[in-house]
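What the coordinates show
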Amino acid sequence: MTSNSSLSNMRRLVEQLKLEASVERIKISQAAAELQQYCLQNASKDALLVGVPTGSNPFREPRSCKEIKRIFDLLQRKKTWT
Amino acid sequence: MRSPLSPEMATQEVPLNETLAHLKTESETLKLKLEEERAKLHDVELHQVAEKVEGLGQFVMKTRRTLKGHGNKVLCMDWCKDKRRIVSSSQDGKVIVWDAFTTNKEHAVTMPCTWVMACAYAPSGCAVACGGLDNKCSVYPLSLDKNENLAAKKKSVAMHTNYLSACSFTNSDMQILTSSGDGTCALWDVESGQLLQSFHGHAADVLCLDLAPSETGNTFVSGGCDKKANVWDMRSGQCIQSFETHESDINSVRYYPSGDAFASGSDDATCRLYDLRADREVAIYSKESIIFGVSSVDFSLSGRLLFGGYNDYTINVWDVLKGTRVSILFGHENRVSTLRVSPDGTAFCTGSWDHTLRIWA
């Protein structure tokens, strides 16, 4: 029984290798050029690469500033009621 | 000495052995041919092509938020499409949904198992999927009512015969792709729990998977303990390309944003880039001083930067084109186990065995 299963496994492996061998390939020079082109075309939109104008990255705005601002707003509102 | 086999049995045995040996020779020949074909197109190195590209300057990236709340090792995390929510899972069985802007916890679920190794956010933002040592992948719809018991609405979708290592929704809430320690990947219908397609080919545990960007079509890549990275056709279940250049387990795979390549991170302490149209490895990101395994990798939005989370507690940032390291980030107090860039590329999140998650920008 084991020789039968190893036979079918080998057959499957050979078929798989034939499939992989038949893949159409391009030269690395061309593939590399296209990868590079994609990087350069999209570089300006990549915040982690080029950074963004101060204030427009929500994570770069420190949380504490938001809290202080919120407290100030509350105190201002309280002042106008009294 | 006469053979104990009867004449009929003798004639049956011989062809079987011949066929096996024959197939073995054929497979060896095909493997050699594959290497030859790939080598023919190796006319230049990626970093040579990139020589004329401007080098990258100094990077200022630091921890902007620390998410504390897990009681044990964080194993996995995923971003919501809204670019602010995050789901994370840990060894103690907890799955937490966070608002990364405010660091508030929005939902928490306790799984019936420990080591929740995989979690994923649904594209709609209305559900999360998770699983681990329970061998399953379950989906929890997220309720707007904070008091509602999420565990009650749990839906079991995937069933494997070993641990769940990774899961990902496809481009809708309706299908989930899973990978498992049982050596297979599988595609499931969420509503019915039906197995739609299974993917066989890895010779050992599958540890990671990533879906191709939707524009590129229906493929995904998986990496495993057999040191192989396989690219699969989701409709046919066929493995269409296979890469075996790593020297140890592949812990993480991630597509390049254009879909034409993918990166991998391995216990062999290297990250590698494989181009799908050249059908070979085109870059290795390594240094002699880096000896600890890579647990997770992801690209910045343009694909120029590759972030790697390492078992030596650091994050190394690589220039994908030039092959050099541009930055090393410190902060975690134990292994970095998971790393994902946010959907709009403004930040990336890491999870660690130090029980915390950090947002970097």
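Report follows, based on the coordinates. Just so we're clear, the structure is a prediction, and the values are computed from it rather than from any experiment.

Residue and element names in this part refer to chain B. Phi at Thr103 takes a positive value of approximately 65°, unusual for a residue other than glycine. The topology assignment puts Thr103 in the loop between strand 4 (94–99) and strand 5 (104–110). Even without being a glycine, Trp115 presents a positive backbone phi close to 50°. Along the chain, Trp115 turns up in the loop between strand 5 and strand 6 (118–121).

This brings us to the state of the cysteines. Residues and elements named next belong to chain B. This structure, assessed with the given rule, holds zero disulfides over all chains. With no disulfide partner, Cys119 has as its closest neighbouring cysteine sulfur the one in Cys76, 3.8 Å distant. Looking at the unpaired Cys137, the closest cysteine sulfur is the one in Cys167, lying at 4.0 Å. Of the residues examined, Cys137 reaches a relative accessible area of 0% and is grouped as buried.

All right, on to the sheet that holds strand 28 (residues 357–360) of chain B then. All names here are of chain B. The four strands are arranged 1-28-27-26 in an open sheet whose pairing can be described as antiparallel. A single partner strand is all that each edge strand has here, and the edge strands are strand 1 (63–67) and strand 26 (336–341). Ignoring strand direction, the axes of neighbouring strands in this sheet form an average angle of 20°.

All names here are of chain B. Spatially, 2-3-4-5 is the arrangement adopted by the four strands of the open sheet, whose pairing is antiparallel. Two strands in the sheet have a free side with no partner beyond their single neighbour: strand 2 (74–79) and strand 5. Neighbour-to-neighbour, the strand axes of this sheet turn through a mean angle of 20°, independent of strand direction. The sheet contact formed by strand 2 and strand 3 (residues 85–90) spans five bridges and is antiparallel. The partner of Trp79 across the bridge, within strand 3, is Ile86.

All names here are of chain B. As for its placement among the helices and strands, Ala120 is situated in strand 6. Residue classification places Ala120 among the buried residues on the basis of a relative accessible area of 2%. Separated by 49 residues in the primary sequence, Ala120 and Phe169 place their C-alpha atoms 7.1 Å from one another. Aside from chain neighbours lying at most four places away, what touches Ala120 is Asp78, Val87, Ala127, Val128, Ala129, Cys167, Ser168 and Phe169.

Moving on, we get to the pairing of strand 11 (residues 175–180) of chain B. Residue and element names in this part refer to chain B. Most of strand 11 is tucked away, with five of its six residues classed as buried. Sheet analysis places strand 10 (residues 164–169) next to strand 11, joined by five bridges and oriented antiparallel. The residue of strand 11 that forms the bridge with Cys167 is Thr178. Following strand 10, the chain reverses through five residues before pairing antiparallel with strand 11. What sits between the antiparallel neighbours strand 11 and strand 12 (residues 185–189) is a turn of four residues, in which Gly183 has the positive phi angle 90°.

Attention now moves to the interface of chain A and chain B. Facing the 43 residues of chain A at the interface are 64 residues of chain B. Across the interface of chain A and chain B, roughly 4700 Å² is buried in total on both sides, 69% from carbon and sulfur atoms. By the criterion of area lost to chain B, the three top residues of chain A are A:Ile28, A:Leu48 and A:Phe59, representing 19% of everything that side buries. At the boundary of chain A and chain B, one finds three salt bridges. Taking the shortest distance from any N to any O, the salt bridge between A:Arg25 and B:Asp279 comes out at 2.7 Å. At the junction of chain A and chain B, the tally comes to 14 residue pairs in polar contact (both at pLDDT 80 or more). If you list the elements that add at least two residues to the side of chain A that touches chain B, you get helix 1 (2–21), helix 2 (28–42) and helix 3 (47–50) of chain A. Looking at the side of chain A that touches chain B, the element that brings in the most residues is helix 1 of chain A, giving 14 residues.

Definitions and cut-offs
- Residues numbered from 1 in each chain as written.
- Chains lettered and ligands numbered in written order.
- Predicted model: local features only at pLDDT ≥ 70, side-chain atom pairs only at ≥ 80, totals over all residues.
- Heavy atoms only, no water.
- Helix = DSSP H or I, 4+ residues; strand = E, 2+ residues; numbered from the N terminus.
- Disulfide = S-S within 2.5 Å.
- Buried < 20%, exposed > 50% of the residue type's maximum accessible area, 1.4 Å probe, protein only.
- Pairing = 2+ DSSP bridges.
- Axes fitted to C-alpha atoms, helices over the stretch in contact; angles between N-to-C directions.
- Contact = heavy atoms within 4.5 Å.
- Buried area = accessible area lost by both parts, 1.4 Å probe.
- Salt bridge = Lys/Arg side-chain N within 4 Å of Asp/Glu carboxyl O.
- Polar contact = N/O pair within 3.5 Å; in protein donor to acceptor, adjacent residues only side chain to side chain.

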